[in-house]
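Read off the chains here:
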Amino acid sequence: MENNTKKAVASHLLSIKAVLLRPESPFTWASGWHSPIYCDNRKILSYPEIREDVCRRMADFISATYPDAEVLAGVATGAIAHGMLVAHMLGKPFVYVRPKPKDHGTGSQIEGILPEGAKTVVVEDLISTGMSSLAATKALRDAGADVLGMAAIFTYGFSKAEEAFAEAEVRLDTLSNYDALVEVAAETGYIKESDLDVLKAWRLSPSTWDRE
């Protein structure tokens, strides 16, 4: 992904507080990790101009990178809306993947029509460890899809995730990432220069990092 796109999307996320950086007062994630960053890309949906720009950038990237794509698949629940908007822009069919099969009705895990062998690009909103994203990719492959790759809005850039995607042989591209976000935050005065070491240390060891 081009650096201007990475920084433009990072600027969007900071401007609407879809991403919060708080080195001095860390968040606690559901996993129990202490973190100086919190990301909620669903907030993009509430800002029409930013929503249009982010989804258009993703649509253009997918069109250029995967010209043979036949279906777009969103990962539930965070990427359903973004994925559907991108699919609409591209005029492509859309499906979404649940974390696990339904325990009633047809027991479906994939909602929508997914033809056997369909060349599929997965849309995700956020990459953390990558486990839930790769679980969705596995479900699509198990259902007979030819998964070409995954496009996400943002990644923390954890080495654990990068290794997991490489092992699963899934190409991952993101509109923006942690490095671009921190760069923009520093340039705009959102964070202090003294925060940079803290933010770098967290990304290197998020499971053990604790500022206190």
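Just above sits the structure.
Cut-offs applied
Residues numbered from 1 in each chain as written. Predicted model: local features only at pLDDT ≥ 70, side-chain atom pairs only at ≥ 80, totals over all residues. Heavy atoms only, no water. Helix = DSSP H or I, 4+ residues; strand = E, 2+ residues; numbered from the N terminus. Rg over C-alpha atoms; globule rule 2.2 N^0.38 Å. Contact = heavy atoms within 4.5 Å. Areas by Shrake-Rupley, 256 points an atom, 1.4 Å probe, with all protein chains shown as cover. Lys, Arg positive; Asp, Glu negative; His and termini not counted. Charge placed at Lys NZ, Arg CZ, Asp CG, Glu CD. Salt bridge = Lys/Arg side-chain N within 4 Å of Asp/Glu carboxyl O. Expected span 1.5 Å × (residues − 1). Buried < 20%, exposed > 50% of the residue type's maximum accessible area, 1.4 Å probe, protein only. Arc of directions from axis to C-beta. Phe/Tyr/Trp six-rings, centres within 6.5 Å; stacked < 30°, edge-to-face > 60°. Lys NZ or Arg CZ within 6 Å of the ring centre and 35° of its normal.

K.L.:
Could you clarify how one ought to interpret the overall build of the protein chain in this entry?
P.N.:
For the protein chain, the count of helices and strands is 7 helices and 10 strands. Its C-alpha radius of gyration of 17 Å places the protein chain within 12% of the 17 Å reference for a compact globule of 212 residues. C-alpha extents for the protein chain along the principal axes are approximately 55 × 35 × 30 Å. Taking the intrachain contacts of the protein chain between residues at least 6 apart in sequence as the baseline, contacts between residues at least 24 apart amount to 65%. Within the structure as shown, the protein chain displays about 10500 Å² of accessible surface, and the carbon and sulfur contribution to it stands at 49%. Side chains of the protein chain give 22 positive and 29 negative charges; the mean places of these two sets differ by 3 Å.

K.L.:
Would you mind showing me how to read the pattern of salt bridges here?
P.N.:
A side chain of one charge can pair with a side chain of the opposite charge when the charged atoms of the two come close. Considering all chains together, one arrives at 10 salt bridges under this definition. Taking the shortest distance from any N to any O, the salt bridge between lysine 7 and glutamate 187 comes out at 2.9 Å. On the criterion of sequence distance, the pair formed by lysine 7 in helix α1 (residues 3-15) and glutamate 187 in helix α6 (residues 178-187) is long-range, its members being 180 residues apart. Salt bridges here are not isolated pairs; linked through shared partners, they connect Lys7, Glu183 and Glu187.

K.L.:
Mind showing me how you'd approach helix α2 (residues 48-65) here?
P.N.:
One full turn of an α-helix is made of 3.6 residues, so residues set three or four places apart face in the same direction. Between its first and last C-alpha atoms α2 spans 25 Å; for 18 residues at 1.5 Å apiece the expected length is 26 Å, and the two agree. If you check which residues of α2 are buried, you get Ile50, Val54, Cys55, Met58, Ala59, Phe61 and Ile62. The buried residues of α2 all sit within an arc of 160° when viewed along its axis, so they share a single face. Every exposed residue of α2 that faces more than 90 degrees away from the buried side is listed here: Pro48, Glu49 and Ala64.

K.L.:
Is there a simple way to explain the packing of aromatic side chains in this structure?
P.N.:
How two aromatic rings sit relative to each other is set out by the distance from centre to centre and by the angle between their planes. On inspection of all chains with the given rule, the structure shows 10 aromatic pairs. Centroid distance tryptophan 29 to tryptophan 202: 5.7 Å. Interplanar angle 80°. Geometry classified as edge-to-face. With tryptophan 29 in the loop between β2 (27-28) and β3 (34-35) and tryptophan 202 in helix α7 (residues 196-204), this residue pair connects regions lying 173 residues apart in the sequence. Under the relative-accessibility criterion, tryptophan 202 is labelled buried at 0%. Note that arginine 22 overlies the ring of phenylalanine 27, its terminal NZ or CZ placed 3.8 Å from the centroid.

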